[in-house]
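Chain and residue survey
What follows is each chain in one-letter form.
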Amino acid sequence: MCEASLAEKLRSLGSQEVDLIVRIRAAPSEYISKLEQMGLRVRRQFTLLKAVAVRGKAQDALKLWDEPWVEAVEEDKTVTIF
Amino acid sequence: MSPAKRSVELEIELATRAPAEEIPVIIKYSHESLLAEGLIGDISVAAWPPVDYEALTQFAERLLSRLRIRVLRHFRLVPASAAKLKVADLEALEADPRVEKIWLDLPVQAWLDTSVPLIRAPKVWEAGYTGQGVKVAVIDTGIDPDHPDFAGRIAAYTSFVGGDGRDDHGHGTHVASIIAGSGAASRGKYRGVAPEALLYSAKVLRADGSGMMSDVMAGIEWAVEQGVQVINLSLGAPGPCDGTDALSTMCDAAVDRGIAVCVAAGNMGPSSGTIGSPGCARKVITVGASNDEDQVADFSSRGPTSDGRTKPDIVFPGVNIIACRAQGTSMGHPLNEHYTSASGTSMATPHASGVVALLLSAQPELTPSQVKEKIMSTALDLHLDPNVQGAGRGDAFSAYTGETPPSPPPPPPPGCLTAFLTYIRKASQPD
C-alpha cells in the first residue's frame, strides 16, 4: 500500500532528493532496471524482505504509485541511538 | 631484603602508606622451608595440601608472631596466610627465607556495578553459563576493537556507513560491553551480562549517532548471514507505529529465521504511544528502562502501539549504567579512559540481549519465541501498567530456572526518601 500522505509530501518536494524504501511483490532484482528507468538509484537490495532502498527526485518517485509490482512505499526514515 | 617478594599492587600501595599504618596482606611460605620443617614430603607444591593443617598453622603462627603480625586466617589449598602487618615490619618479613611471596589482600569487586547483580546474572554464571560461544550482533555505531574488555571476542565487524566499523561515537561500544564486556580493564567490576559471548558489530549509525532505516536493515541482513543467534538494536525512529513498516517487518523476518531480536523502546516517555520502529515489531523483545530501585524511568517510551498492542515487553536497568568507553569518544559521563556512564533504553536493551545469550548458552535449542516467553513469564512484576513495564523487570536467574523472582522490598512510605528518589529519577535523564 502506498500512502496518500507520502504521495502528497513527495508532490510538495518536487525535484528535491528523497530516500525511500520500496517493497516489491516479486524478487527485487527483476525490477532494478525499471527503478533506474524511473530515475531512482537503488542504494540497497534486501533479501530477508522483498524490498529495495532508493534515492531520487521526489517527482520521479511518484511514478511508483502507478506500478502494480510495487507493494508499498515508505520513507527511509532517520533512526537514532536511544 | 628481597623486593621481588612484593607483588606489584603491594609496591604501589606502600607508596601511599605511612610506616605505622597496617595493611592487609597474603603471605605465601616457601616450598624449601616447609620441606626443612618436615611439614611436607618431597613432592611438588601442586600436590598441596599434603600436610597436617595444625602443624602448618603452628609453623605460621611462630613465624608471624615473632614479627608482630596479626594473623587473620591460614589457608589449606595453598601454603599461605592472610594477615595484617605494619608497613614498617614489611622488610623484616621479606627478609625471612621462609617467606616466598607477599601480596596485597585486594578488595574483591567482581560485580560492583549494580545492574548485573540486580538482574541476577552472576547466579547464572555460577551455574556454568556465561553466554559462552553465543553469537550476538550489535547493530549500532560500531565497536572499539582495541578495548581490553573485548579481547579475543569480536568475531567480526563491518560498516554500512563508511569507515572500517570502528566506533567514532561511543554508543555501540557501551552497548556491546553491557552484553559481553569481560570487565578486564576494571578487574571485573564492570563485567557485562554474558561475558563470554561472541560479538558481531555492524556500524549503521554515523558519528552523530544517527543513520537511515535501510542501513539498519542492511546490518540485520549481515548479522543473519553471519549466523548470529541474538541481535541487539538500541536504536529506532520516533513513534508511534503499527509494526508493518519495512524495518519492523525485517526484524520479524529475522526472528522467523531463529534469531532473538532485542529492541529499545525509545526515550520519548512518559507519554503513552511513544514507541516507534522497530520497537513496535510484533516478534521482537521490546525493552524499556528501569532504575536500580526497580522504578521505570520517566524517559522510557510507553505503549500501546498505534494498532493497540501492549508494548514494551519488558524493562531492564537503563539508568546510570557504567560500561565501556570507546577510545577517543566522550559519550555519556566518562569515568576514566576505559569506562563511561550513560542512561537510556539503549542501555536497558543489551541487558536483555545478554540474558538471551545466557539462556542460549544453557539451552541452545530454545526458539526466539520460547526465549521471549521465558524472560517475560519470569519477570518481576512492578505492579505498573503493562504499557509502562511490559511483563515487569527482567531477571536472568529466574528466566534460567523458570521460577518467579523474589519479591522486592515494600515501597518506602511517603516522605523525604520518596522525594529524594523522585529527585534522583529526574536527574537521571537519558544521555
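Analysis parameters
- Residues numbered from 1 in each chain as written.
- Chains lettered and ligands numbered in written order.
- Predicted model: local features only at pLDDT ≥ 70, side-chain atom pairs only at ≥ 80, totals over all residues.
- Heavy atoms only, no water.
- Helix = DSSP H or I, 4+ residues; strand = E, 2+ residues; numbered from the N terminus.
- Buried < 20%, exposed > 50% of the residue type's maximum accessible area, 1.4 Å probe, protein only.
- Areas by Shrake-Rupley, 256 points an atom, 1.4 Å probe, with all protein chains shown as cover.
- Rg over C-alpha atoms; globule rule 2.2 N^0.38 Å.
- Lys, Arg positive; Asp, Glu negative; His and termini not counted.
- Charge placed at Lys NZ, Arg CZ, Asp CG, Glu CD.
- Core = buried A, V, L, I, M, F, W, Y, C linked by side-chain atoms within 4.5 Å.
- Contact = heavy atoms within 4.5 Å.
- Disulfide = S-S within 2.5 Å.
- Pairing = 2+ DSSP bridges.
- Axes fitted to C-alpha atoms, helices over the stretch in contact; angles between N-to-C directions.
- Buried area = accessible area lost by both parts, 1.4 Å probe.
- Salt bridge = Lys/Arg side-chain N within 4 Å of Asp/Glu carboxyl O.
- Expected span 1.5 Å × (residues − 1).
- Polar contact = N/O pair within 3.5 Å; in protein donor to acceptor, adjacent residues only side chain to side chain.
- pLDDT = per-residue confidence, 0-100.

Scanning chain B for helices and strands turns up 14 helices and 16 strands. Buried residues in chain B amount to 55% of all 431 residues. Looking at chain B as shown, the accessible area adds up to about 17,100 Å², and 54% of this sits on carbon and sulfur atoms.

A separate point is the overall build of chain A. Along chain A, the regular secondary structure elements total three helices and five strands. Reading the helices (α) and strands (β) of chain A from amino to carboxyl end gives α-β-α-β-β-α-β-β. Over its C-alpha atoms chain A spans a radius of gyration of 12 Å, differing by no more than 12% from the 12 Å that the globule rule assigns to 82 residues. Here the C-alpha coordinates of chain A stretch approximately 35 × 30 × 20 Å along the principal axes. When the accessible surface of chain A is totalled, it reaches about 4,300 Å², and 45% of it is carbon and sulfur. Side chains of chain A carry 13 positive and 13 negative charges; the gap between the two charge centres is 2 Å.

Another aspect to go through is the nonpolar core. In this structure, B:Phe316, B:Val355, B:Val356 and B:Ile375 are the most contacted members of the largest nonpolar core, which totals 54 residues. Looking at this core, the element that brings in the most residues is helix α10 (residues 345-362) of chain B, giving nine residues. In this structure B:Val355 touches B:Ile119, B:Val193, B:Phe316, B:Ile375, B:Ala396 and B:Ala399, once residues within four positions along its chain are discounted. Grouped together as the second largest cluster of nonpolar side chains are 39 residues, A:Val79, B:Ile139, B:Ala246 and B:Ala253 included.

Another aspect to go through is the state of the cysteines. Residues and elements named next belong to chain B. Summed over the entire model, instances satisfying the criterion amount to one disulfide over all chains. Put simply, Cys-241 and Cys-280 are joined by a disulfide, and their sulfur atoms are 1.8 Å apart. Negative torsions about the S-S bond denote left-handed disulfides, and the value of about -115° found for Cys-241 with Cys-280 makes this one left-handed. Of the two residues, Cys-241 is situated in the loop between β10 (235-236) and α9 (246-256) and Cys-280 in the loop between β11 (260-264) and β12 (285-290); the sequence distance between them amounts to 39 residues.

Residues and elements named next belong to chain B. Read from one edge to the other, the open sheet built from four strands follows the order β2-β3-β1-β4, with strand pairing classed as antiparallel. What marks the edges here is a single partner per strand, and that holds for β2 (70-74) and β4 (99-104). Ignoring strand direction, the axes of neighbouring strands in this sheet form an average angle of 30°. With seven bridges joining them, strand β1 (residues 22-29) and strand β3 (residues 80-86) adopt antiparallel strand pairing. Counted as the bridge partner of Pro-24 is Lys-84 from β3.

Once that is clear, we can look at the interface of chain A and chain B. Each side of the interface is counted separately: chain A has 21 residues, and chain B has 40 residues. Taken together, both faces of the contact between chain A and chain B bury some 2,300 Å²; the carbon and sulfur share is 64%. Among the residues chain A hides against chain B, the three largest losses belong to A:Leu48, A:Val79 and A:Phe82. Together they make up 40% of the total. Between A:Arg44 and B:Asp215 there is a salt bridge, with its nearest N and O atoms 2.8 Å apart.

For the rest of this paragraph, the subject is the side chain of B:Lys372. Residues and elements named next belong to chain B. Examined against the element boundaries, Lys-372 turns out to sit in helix α11 (residues 368-377). Of the residues examined, Lys-372 reaches a relative accessible area of 13% and is grouped as buried. When near neighbours in sequence (up to four residues on either side) are disregarded, Lys-372 contacts Arg-282, Lys-283, Val-284, Ile-285, Lys-311 and Asp-313.

Moving on, we get to helix α8 (residues 213-225) of chain B. Residue and element names in this part refer to chain B. Over its 13 residues, α8 extends 19 Å from the first C-alpha to the last, a length consistent with the 18 Å expected when each residue adds 1.5 Å. Among the 13 residues in α8, twelve count as buried, and that is most of the element. Among all positions of α8, only Met-213, Ser-214, Asp-215, Val-216, Met-217, Ala-218, Gly-219, Ile-220, Glu-221, Trp-222, Ala-223 and Val-224 are buried. Two residues or fewer after α8 comes Gly-227, characterised by a positive phi angle close to 80°.

The strand order across the open sheet built from three strands is β8(B)-β5(A)-β10(B), with neighbouring strands paired in antiparallel fashion. The two strands at the open ends of the sheet, each matched to only one other strand, are β8 (210-212) and β10 of chain B. Bridge analysis of strand β5 (residues 78-81) of chain A against β10(B) gives two bridges, and the strand direction is antiparallel. The residue of β10(B) that forms the bridge with A:Ile81 is B:Leu235.

Residue and element names in this part refer to chain B. When you line up the elements, Ser-33 lands in helix α2 (residues 31-36). The exposure class of Ser-33 is buried, given its relative accessible area of 8%. Reaching out from Ser-33, the side chain makes a polar contact with the backbone oxygen of Ser-30 at a distance of 2.9 Å.

Across three bridges, the pairing between β5(A) and β8(B) is antiparallel. Note that in β8(B) the partner of A:Thr80 across the bridge is B:Ser210.

Residue and element names in this part refer to chain B. Per the counting criterion, the structure on display carries 30 salt bridges over all chains. The residue Arg-17 makes a salt bridge to Glu-21 at a minimum N-O spacing of 3.2 Å. What makes Glu-21 partly exposed here is its relative accessible area of 31%. A salt bridge links Arg-309 to Asp-307; the shortest N-O distance between them is 2.9 Å.

With that out of the way, let us pick up the confidence of the model for chain B. Residue and element names in this part refer to chain B. Averaged over all residues, the pLDDT of chain B equals 89, while 89% of them reach at least 70. pLDDT under 50 marks residues 108-112. Its contacts with residues more than four places away, or in other chains, come to 13 contacts. For the stretch residues 412-427, pLDDT sits under 50, and the model shows nine contacts to residues farther than four places along the chain or on other chains. Among the prediction metrics, the complex's ipTM stands at 0.94, with pTM recorded as 0.75.

Okay, the environment of B:Val204 next. Residue and element names in this part refer to chain B. Inspection of the secondary structure assignment puts Val-204 in the loop between β7 (198-203) and β8. Spatially, the C-alpha atoms of Val-204 and Ile-139 are 6.5 Å apart, while their sequence positions differ by 65 residues. The residues contacting Val-204, other than those within four sequence positions of it, are Ile-139, Asp-140, Phe-160, Val-161, Gly-211, Asp-215, Val-216, Gly-219 and Leu-235.

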